[in-house]
Amino acid sequence: MRLPFLDRADETSRLSAVLDAPGAGGLAVVYGRRRCGKSTLLRQVRREGDAYYLADEREALPQIQSLAQEVARVIPGFDAAHYPSWDALLRTLNERATPGSALILDEFPWLAQVSPELPSLLQKYLDSTGTRRFHVVLCGSSQRMMHGLVLDATAPLYGRAEAILRVDALAPGWMPEAFPGLSPRKCIEAYAVWGGVPRYWELAGSGKGLAPAIRELILNRNGTLHEEPMRLLLDDMRTAAQPYSVLSLIGEGCHRLSEIGARLGKPAVSLSRPLALLVDLGYVARDIPFGENMKSTKRTLYRLRDPFFGFYFRFVRPRQSMLELGMVDAVAQDIEERLHEHVAGVWEWLARWSVPFSGIGGREWGPASPWWGQAKGQQLEVDVVAESRDGKDLLIGEAKWAPRADVGRELARLRELGRALPFVRGRRIVPVLWCTTPPPHPPDGIIVQGPADVLRALR
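Described in the following lines is the structure provided in the data block. All figures in this text were calculated on a predicted structure; none of them were measured in a lab.

## Quick word on the sheet that holds strand β9 (residues 378-387)
- Within the open sheet, the 5 strands sit side by side as β8-β9-β10-β11-β12. Their pairing is mixed. Sheet topology places β8 (369-375) and β12 (447-449) at the edges, where each strand pairs with a single neighbour. Taken over all neighbouring pairs, the strand axes of this sheet differ in orientation by 35° on average, direction set aside.
- Bridge count for β9 against strand β10 (residues 393-400) is 4 bridges, and the pairing is antiparallel. The residue of β10 that forms the bridge with E387 is L394.
- Packed on one face of the sheet, helix α18 (residues 328-358) meets β8, β9, β10, β11 (428-435) and β12 and runs near 35° to β9.
- Sitting on the sheet, helix α19 (residues 407-420) touches β8, β9, β10, β11 and β12, and the angle it makes with β10 is about 140°.

## Digging into the packing of helix α12 (residues 228-236) against helix α13 (residues 241-251)
- It is at 10 Å that the axes of α12 and α13 come closest, and there the two elements cross at 135°. By the angle between their axes, α12 is oblique relative to α13. Between α12 and α13 the crossing geometry is right-handed. Of the residues in α13, those touching α12 at P229, M230 and L233 are P243, Y244 and L247.
- Broken down by class, the residue content of the contact of α12 with α13 amounts to 6 nonpolar, no polar and no charged.

## Overview of the packing of aromatic side chains
- Here the structure, examined in full by the defined rule, presents 15 aromatic pairs.
- Ring geometry for W349 and W353: centres 5.2 Å apart, planes at 25°, overall stacked. One end of the pair is W349 and the other is W353, both in helix α18 and 4 residues apart, which spans about a single turn.
- What makes W353 partly exposed here is its relative accessible area of 29%.
- Ring-pair connections join several aromatic residues into one group, and the members of that group are Y200, Y244, Y283, F308, F309, Y312 and F313.
- Sitting over the face of the ring of W174, R459 holds its NZ or CZ atom 3.7 Å from the ring centroid.

Each value, and the rule that gives it
Residues numbered from 1 in each chain as written. Predicted model: local features only at pLDDT ≥ 70, side-chain atom pairs only at ≥ 80, totals over all residues. Heavy atoms only, no water. Pairing = 2+ DSSP bridges. Helix = DSSP H or I, 4+ residues; strand = E, 2+ residues; numbered from the N terminus. Axes fitted to C-alpha atoms, helices over the stretch in contact; angles between N-to-C directions. Contact = heavy atoms within 4.5 Å. Parallel < 35°, antiparallel > 145°, perpendicular 65-115°, else oblique. Left-handed = near helix turned anticlockwise from the far one by under 90°. Nonpolar A, V, L, I, M, F, W, Y, C, P; charged D, E, K, R; others polar. Phe/Tyr/Trp six-rings, centres within 6.5 Å; stacked < 30°, edge-to-face > 60°. Buried < 20%, exposed > 50% of the residue type's maximum accessible area, 1.4 Å probe, protein only. Lys NZ or Arg CZ within 6 Å of the ring centre and 35° of its normal.

Dropping the structure here:
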């Protein structure tokens, strides 16, 4: 399936502003995990006279010659000369380029890996005020290498970029546009497996359905996404062994730092840095109870933030040996029986994510969090808690992924929670229930949100 160009309005606008600015010599940097649509974005903003080159892992001279051939598409005869170095190519390009055109280098870290001098040469060019003729756009999937080459304070190109864009996964609200035949409920189920990565959506959009796509792309040992998490980790880390182990344990249900450390046989404090990196890369999220301070609290639960990682490390990684033996049917049967458990967790997270954008009850809400702890002598848990922007109201909600929910019973429970929670402090309670099939006439006193409401808020 060929996916239409979705969202990215802000990224497109910012890149175009650099490329269309008066003069020349502007630098734009685009980075983010693979398959999220960076190259598609570059093709979208590329103009007729811009040279685009997708780098690979060859040695420097073959890459220089390949780039010269791509430049020749917009500057006829440019590849007729021999360029012994990057310096020679860049000097010639600056002499012959149309003023205001752009050189777009996709997967720039591969070029810098075989030609360590290239970032400094680009720095020299960008610093040559008054003689620059073309803009530069650098793009890369290795977030670690892009930081080292461009974003760290010690990098040669640090401080020169006029636009730095991190391209993340698409929000789930774009899924109905990508899969117009799916109901909102089915869109949530699909998002719980593929997350928001556009390339995964393309691969899964064969029309065969969710279960066949899982078998073909993930469970089959030759499937395109069978080893995807390890490839992604190797993009961003020097070694993937420890991060892969941490992700596996979280996927299996270890959500506290002490639990993860105990299972790995390591002091919990030694895992703080690797977990912080996984959080920064967007693979892991820290959940803290509503009202706690993120910097000072020790009441933290870790979960897999990326839905695809959550699916993979829950269902695939623990059964890797079975899949290597070709026991796909047995693993697929287990997924079919238990997928709703995974979707329920994603649904709860989406409910929280949607709160600030949903205008529930005609109010503006701040970010939502879960809450757990002791209250009135008992252990309580709440899926969703948020405070209104004016501080007068408190949203308390539950997320249920089931064909039908007893709305009346949930309302009674939420009201009881409102009387028991220690942080209510006189604020008005707004009970909310997220369920898969909202009733047409819910009882008074509760607001019900369904898949269509969440998808509408998250785009």
